[in-house]
Amino acid sequence: MSLYDRLNLTKKPKTNRKLQVPIWERLNLERPAKPRCQGCRSRIQLDWRICPSCGSFLTSKEPEMHYCIWIDISGSIHANDHNNTMLEIMADALAEVFSAFRSVHVFLTSEKPEEKEWGRNFTHVYVFADQQPVDYLGIASFRHHQVTDIAAVRIDQIINTANQANLNLGQFSNLIANTIAHEIGHTLGLDHSLLPTDVMHDGLDHRIHSLMPPSFHVGQIISMNKAIRHRLILIHPPNY
């Protein structure tokens, strides 16, 4: 309804001035509440399928499902003599990883997934130390735009890099978090990025990725959610 239709400015006869309705009662300026994304609370349009701010699906009528990712740190703690300090650093790093994936439809856990709930349908990210030297911080299975189920992060290599670069504990935690997030990103179908500051940059640079926690841009979030949705449909096909 246009503004002219909502305004009733018809003059009343002078004899009926006392019966004239005040203009503020003749104005109808009510507006319907604008819809917002349930995930990030940003404003959206009714015909949008995906939130451009967080990548969440907006029109899905099925109950929201999540894909399980197990970040297994059982092989990383005993590799260091200062276990209490290492536990605190790993706790901080995992908190950063969990925050980076807050808009992605994943259930992140540091405990082994319960077979009754997840079966074998989860991705295992193994954080461990080994005596065999390698030239990478982590490695993961990868299929473009598809979910895969295995990744590994070499905590000993990250420790060596941190020692050589003289990183403080906060920077060390950031580097661990970026490495784990990078490998999880690969298992959710993300390819390498050309942007040096991107968490998915080919070859994490400790001079950059130790200075900030991991984060994903909207396009990456949408891509990961699409890969997860496709995987879940394969696991639990809809009943028509």
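Let me sum up the structure you'll find in this document. Numbering of residues begins from 1 in every chain and follows the order in which that chain's sequence is written. Given that this is a predicted model, residues contribute local features only at a pLDDT of at least 70 and side-chain atom pairs are listed and counted only at 80 or more, while totals for whole chains, interfaces and linings are drawn from all residues. Hydrogens and water molecules were not included; the side-chain quantities draw on all heavy atoms of the structure.

## Here we look at a positive patch on the surface
Among the surface-exposed residues, Lys34, Arg36, Arg41 and Arg43 lie close enough to one another that they form a single positively charged patch. Runs of H or I in DSSP of at least four residues are treated as helices and runs of E of at least two as strands, each being numbered from the N terminus. Its location among the elements puts Arg43 in the loop between helix H2 (23-26) and strand E1 (67-75). The patches described consist of residues with a relative accessible area above 30% and no salt bridge, like charges being joined within 9 Å and nonpolar side chains (Val, Leu, Ile, Met, Phe, Trp, Tyr) within 5 Å. Surface accessibility in these figures is a Shrake-Rupley result with a 1.4 Å probe; residues are shielded only by whichever protein chains are displayed. The term salt bridge refers to a pairing of a side-chain nitrogen on Lys or Arg with a carboxyl oxygen on Asp or Glu at a separation within 4 Å. Positive charges are assigned to Lys and Arg, negative charges to Asp and Glu, while His and the chain termini are left out of the count. One atom stands in for each charge, and that atom is NZ of Lys, CZ of Arg, CG of Asp or CD of Glu.

## Describing the sheet that holds strand E4 (residues 138-140)
Read across the sheet, five strands follow the order E2-E1-E3-E5-E4 without closing on themselves; strand pairing throughout is mixed. The two strands at the open ends of the sheet, each matched to only one other strand, are strand E2 (106-109) and E4. Between one strand and the next, the sheet's axes are offset by a mean angle of 15 degrees, whatever the strand orientation. In the sheet, E1 pairs with E2 via four bridges, with the strands oriented parallel. Bridging from a neighbouring strand, Ile69 pairs with Leu108 of E2. Any two residues whose heavy atoms approach within 4.5 Å are treated as being in contact. Every axis in this analysis is a line fitted to C-alpha atoms, fitted for helices over the stretch in contact. Angles between the N-to-C directions lie between 0 and 180 degrees. In this fold helix H6 (residues 169-187) packs onto E1, E2, strand E3 (122-128), E4 and strand E5 (150-154), with an angle of close to 160 degrees to the strand it touches most, E5. A strand pair is defined by DSSP finding two or more bridges across the two strands.

## A few points about H6
Between its first and last C-alpha atoms H6 spans 27 Å; for 19 residues at 1.5 Å apiece the expected length is 27 Å, and the two agree. Where burial is concerned, most of H6 is hidden: 17 out of the 19 residues are buried. A positive backbone phi angle near 90 degrees is found at Gly189, which sits one or two residues after H6. Multiplying one less than the number of residues by 1.5 Å gives the expected span of a helix. Only protein chains enter the calculation, and the probe is 1.4 Å; a residue is then buried if its accessible area is under 20% of its type maximum, exposed if over 50%, and partly exposed in between.

## Things to note about the layout of surface pockets
One number sums up the size of the second largest pocket: a volume of about 230 Å³. Buriedness for pockets is judged along seven lines, at least five of which must meet protein on both sides within 12 Å for an open set on the 1 Å grid over protein atoms alone, while cavities are sets there where a 1.4 Å probe fits but cannot get out, and lining residues have an atom within 4 Å of a point. Along the wall of the second largest pocket there are 14 residues; nearest its centre are Gly138, His182, Glu183, His192 and Gly203. Listing elements by their share of the lining of the second largest pocket, those giving two or more residues are E4 and H6. Of the residues belonging to the lining of the second largest pocket, the class tally is six nonpolar, six polar and two charged. Grid points are joined across faces, edges and corners, and a volume is the space filled by probe spheres set on the points. In this count, Pro and Cys sit with the nonpolar residues alongside Ala, Val, Leu, Ile, Met, Phe, Trp and Tyr, while Asp, Glu, Lys and Arg are called charged and the others, Gly among them, polar.

## Considerations on the packing of aromatic side chains
Geometry of aromatic contacts follows a simple scheme: Phe, Tyr and Trp rings, the Trp one being its six-membered ring, pair when their centres are within 6.5 Å, and the pair is stacked under 30 degrees between planes, edge-to-face over 60, tilted otherwise. Taken as a whole and judged by the stated rule, the model has four aromatic pairs. With 5.6 Å between their ring centres and 15 degrees between their planes, Phe107 and Trp118 make a pair best called stacked. With a gap of 11 residues between them, Phe107 in strand E2 and Trp118 in helix H4 (residues 115-118) connect regions that are remote in the sequence. Phe107 gets classed as partly exposed once you look at its relative accessible area, which sits at 39%. Take Trp118: its relative accessible area is 15%, and that puts it in the buried class. Where Tyr126 meets Phe128, the ring centres are 4.9 Å apart and the plane angle is 5 degrees; that geometry is what we call stacked. For Phe128, a relative accessible area of 17% corresponds to the buried category.

## A word on the nonpolar core
Among buried residues, those of type Ala, Val, Leu, Ile, Met, Phe, Trp, Tyr and Cys that are joined through side-chain atoms within 4.5 Å constitute a nonpolar core. Counting residues in each nonpolar core, the largest one holds 44 residues, and the members touching the most others are Ile71, Phe101, Ile176, Ile184, Leu188 and Phe216. Mapped by element, the contributors of at least two residues to this core are E1, helix H3 (83-100), E2, E3, E5, helix H5 (155-165), H6 and helix H8 (218-235). If we ignore the near neighbours within four places in the chain, the residues touching Ile176 are Met86, Ile89, Met90, Ala93, Ile155 and Ile158.

## As for the side chain of Thr109
Mapping Thr109 onto the fold places it in strand E2. Contacts described as polar in this section are N or O atom pairs within 3.5 Å, which, within protein, must combine one atom able to donate a hydrogen with one able to accept it, while residues neighboring in sequence count only if both atoms come from side chains. In this structure the side chain of Thr109 is engaged in a polar contact, spanning 3.0 Å, whose partner is the backbone nitrogen of Glu111. What Thr109 contacts, discounting residues up to four positions off in sequence, is Cys68, Ile69, Trp70, Ile71 and Phe98.

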